[in-house]
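Here are the chains, one letter per residue:
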Amino acid sequence: MPVIRTILCLLLFHFSEIVYSNSQKTELEVDKIFKLSMEQLDSNYPRDAIAILLQLTKETEAARVRLELGRAYLSSGEVSQGIGTFEEVLRSHELPPIVAINVRKILSHAKKTLFRPYFSLNVGVDSNPKNLPVKQDVILFGGVPLSYDPGEGSGQQSYVIYTVGVKGSVSRLINYNAYVVQTDYEKGVELDGVNYGLRLSSLWGTDTMHVRTSMEAIREDKNRDGYRGVISLDVTPDVFAEAPVTYSGRHTVYQDDELASADYGLSLISLSQSYRLDKGMAIKPSVALELFEPSSGVNAYTNIKPALEVSAQMLGWPIRASLNLGLKEYRKKGFMFGEFRRDVMQGLSVTTSLPIKGYLNKPLNLTVGYEHSSSSISFYDYSKVTVKLGLVN
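Since we're looking at a predicted model, the values are computed, not measured.

Trainee: So what's going on with the pattern of salt bridges? Which residues, and what values?
Mentor: Taken as a whole, this structure holds 10 salt bridges when the rule is applied. For Asp-343, the salt bridge is made with Arg-341, and the minimal N-O distance between the two is 2.7 Å. Residue class for Asp-343 comes out buried when judged on its relative accessible area of 6%. Exposure remark for Arg-341: the relative accessible area of 11% places this residue in the buried category.

Spelled out as structure tokens, the structure:
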């Protein structure tokens, strides 16, 4: 929100010093923590900033801390929480007249965004969009050779994906966010088409525990037509821990309009832990278990996916690198055992925000990735390189 960002910058002139309480932490400690929260907020990590600022509200009554907390809520999309925070500052603090006027302007603008349009745009190149085998010749049993033809349109492809919609807050009491209309159009990697549907998400919990839930109902009109439903749950027991742990679960169900064999269920359970280091550096190891159950066939699989994400500043640019591994075991539907194929995947991707914002005042994210998979049946080995530019409002 460029308008809110500009107005809040004016508040710095009226709150150049923070009045600290001496209840638990010294002034120097509070100042250090506050600067850390601003680094997270300016680096586009508003949820990390929220966790830090919420803790600071227990250490000081300073209006500046609460104003920045309100800004962090708005930046994260928690519009209702942001509005409530700003209104509480107006009620409980004697603000200079010009500051109070600016805060009311923020509130007026924020309330208009309770239902607002949004968009995202991604363009890129995928060297192997369908993960097709690298080898084109296969030796069958008995030494019989077989040439494999991947067909037209199977090589490198460029693509464009855009998403548009309207999102807003259903209830300020339970802080429920609704993506009332969500559509996306994709051209390139998959056949042209549109998705549209409804998504509801909520964030709730106690002072230390955060729980996020979401539900989606999506209509897919692309290369196949059908319905997809998704439910998810993320729990962080202690957001103020030095290395907070998050437990996540997600289940997806797809039903095809015409082909019953295309129906499937996909479950994902994951565990991640975040470590904040000096100079804005952070690392997040994680491990996930993925279970895919088609309605029929022999392509059911179990996938174990450890990963490591590292965020840092290099030469003034934010860099996020992700290293992913995967051990996927294919089996016949309905059998937990009876493996007939095993794939090992390694992937690396690096993302940075280019300093090109333009009139949208939004960063342009560049992601470069490489992926390679080796199979116990060598015919299924593949490699791919991807390059993507993304803009999100």
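Trainee: Describe in detail helix H4 (residues 63-76), supporting the description with residues and values.
Mentor: Residue pairs three or four apart in sequence face the same way in an α-helix, which turns once every 3.6 residues. Look at H4: 20 Å from first C-alpha to last across 14 residues, which is about the 20 Å you get at 1.5 Å a residue. Burial runs high along H4: 13 of the 14 residues are buried. Just beyond H4, the residue with positive phi is Gly-77, at close to 95°.

Trainee: Tell me about a nonpolar patch on the surface, and please be specific about residues and values.
Mentor: On the surface, Tyr-247, Ile-269, Leu-271, Val-287, Leu-289, Ile-304, Leu-327 and Val-344 cluster together to form a nonpolar patch covering roughly 640 Å² of accessible area. Of all the secondary-structure elements, those providing two or more residues to the nonpolar patch are strand E10 (264-273) and strand E12 (282-294).

Trainee: If you had to explain the packing of H4 against helix H5 (residues 79-92) to someone new, which residues and values would you point to?
Mentor: For the pair H4 and H5, the least separation of the axes is 7 Å and the interaxial angle reads 160°. With respect to their mutual orientation, H4 and H5 come out roughly antiparallel. In this structure, the crossing between H4 and H5 has a hand that is left-handed. Where H4 abuts H5, its residues Ala-63, Arg-66, Leu-67, Leu-69, Gly-70, Arg-71, Tyr-73 and Leu-74 lie against Val-79, Gln-81, Gly-82, Ile-83, Thr-85, Phe-86 and Val-89.

Conventions we followed
- Residues numbered from 1 in each chain as written.
- Predicted model: local features only at pLDDT ≥ 70, side-chain atom pairs only at ≥ 80, totals over all residues.
- Heavy atoms only, no water.
- Salt bridge = Lys/Arg side-chain N within 4 Å of Asp/Glu carboxyl O.
- Buried < 20%, exposed > 50% of the residue type's maximum accessible area, 1.4 Å probe, protein only.
- Helix = DSSP H or I, 4+ residues; strand = E, 2+ residues; numbered from the N terminus.
- Expected span 1.5 Å × (residues − 1).
- Patch = residues over 30% accessible without salt bridge, like charges linked within 9 Å, V, L, I, M, F, W, Y side chains within 5 Å.
- Areas by Shrake-Rupley, 256 points an atom, 1.4 Å probe, with all protein chains shown as cover.
- Axes fitted to C-alpha atoms, helices over the stretch in contact; angles between N-to-C directions.
- Parallel < 35°, antiparallel > 145°, perpendicular 65-115°, else oblique.
- Left-handed = near helix turned anticlockwise from the far one by under 90°.
- Contact = heavy atoms within 4.5 Å.

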